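Listed here are the chains, written in short residue letters.
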Amino acid sequence: MYNFFTNMSAWMIPAIIVFIPLYAAFRRKVPVYETFVEGAKDGFGTAINIIPHLVGMMVAISMFRASGALELMLSAVRPLFDWMGIPSEVLPLGILRPLTGAGSLAFTTDLIQNFGPDSMIGRIASTIQGSTDTTLYVLTVYFGAIGIRRTRYALKVGLFSDIVGFFAAIFICLYIFG
């Protein structure tokens, strides 16, 4: 089973990268290169507009970690995770990942350096990184940049997806590698 997923994942990204432009060019008759260049021009303006929102989000994340609120949340749920057989070392990643991509990547790097990339904790952390998103960052920066004030269900659905991705990553790793 491990070999199947390894071989499949090695070919999926190159296949998608080749398929999408070919499909757009031949099936939809889209001028792929010109469309890409036009999108890149629009992206530059968007990048300038998100800087204030990015700075605000980074300050909020730094305050959350420095205040001790992260450690307080972790201490409350750590006994439940230990009882369920889930390595409690990956628990901060579940809280950090929806907040910050850089912070969660730094935490994942620490876990891999301490436990090794082929350890269960290293595999779970890597899978969580790929199975979840930086939901609060995305909502703050991108919705703020284009002026959306009422996010409606985006926050609920995004955080629910992160929770599902977090637990799915853990249980799949425990099933395949454990």
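Attention in this report is confined to the structure presented alongside it. Quick caveat: nothing in here was measured; it's all calculated off a predicted structure.

About the cut-offs
- Residues numbered from 1 in each chain as written.
- Predicted model: local features only at pLDDT ≥ 70, side-chain atom pairs only at ≥ 80, totals over all residues.
- Heavy atoms only, no water.
- Helix = DSSP H or I, 4+ residues; strand = E, 2+ residues; numbered from the N terminus.
- Buried < 20%, exposed > 50% of the residue type's maximum accessible area, 1.4 Å probe, protein only.
- Contact = heavy atoms within 4.5 Å.
- Areas by Shrake-Rupley, 256 points an atom, 1.4 Å probe, with all protein chains shown as cover.
- Lys, Arg positive; Asp, Glu negative; His and termini not counted.
- Charge placed at Lys NZ, Arg CZ, Asp CG, Glu CD.
- 1 Å grid on protein atoms, 1.4 Å probe; cavity = no way out; pocket = protein on both sides within 12 Å on 5 of 7 lines; lining within 4 Å.
- Points joined across faces, edges and corners; volume = space filled by probe spheres on them.
- Nonpolar A, V, L, I, M, F, W, Y, C, P; charged D, E, K, R; others polar.
- Phe/Tyr/Trp six-rings, centres within 6.5 Å; stacked < 30°, edge-to-face > 60°.

Summing up its helical and strand segments, the protein chain has eight helices and zero strands in all. Principal axes of the C-alpha set define a box for the protein chain whose edges measure 55 × 45 × 30 Å. Counting every position in the protein chain, which comprises 178 residues, the buried fraction comes to 26%. Residue pairs in contact within the protein chain that sit at least 24 positions apart in sequence constitute 66% of those at least 6 positions apart. Working note: accessible area of the protein chain is about 11900 Å², and carbon and sulfur atoms make up 69% of it. Distance from the positive charge centre (12 side chains) to the negative charge centre (10 side chains) of the protein chain: 12 Å.

Let us look at the layout of surface pockets. Estimates place the volume of the largest pocket at around 350 Å³. If you go around the largest pocket, you meet 15 residues; those closest to its centre are Y2, F5, T127, I176 and F177. Secondary-structure elements contributing two or more residues to the lining of the largest pocket are α1 (2-27), α6 (120-131) and α8 (154-177). Here the residues of the lining of the largest pocket are counted per class, giving eight nonpolar, five polar and two charged. Looking at the second largest pocket, its volume works out to about 300 Å³.

Next up on the list: the side chain of T108. If you trace the backbone, T108 turns up in helix α5 (residues 101-115). The buried category is assigned to T108, whose relative accessible area is 4%. Ignoring any residue separated from it by four or fewer positions in sequence, one finds T108 in contact with L93, A125, S126 and Q129.

Within this structure, the stated rule accounts for seven aromatic pairs. Geometrically, the ring pair formed by Y2 and F177 is edge-to-face, given 5.4 Å between the ring centres and 70° between the ring planes. Note that Y2 is positioned in helix α1 and F177 in helix α8, a separation of 175 residues in sequence. On the basis of relative accessible area, Y2 is assigned to the partly exposed category, the value being 44%.

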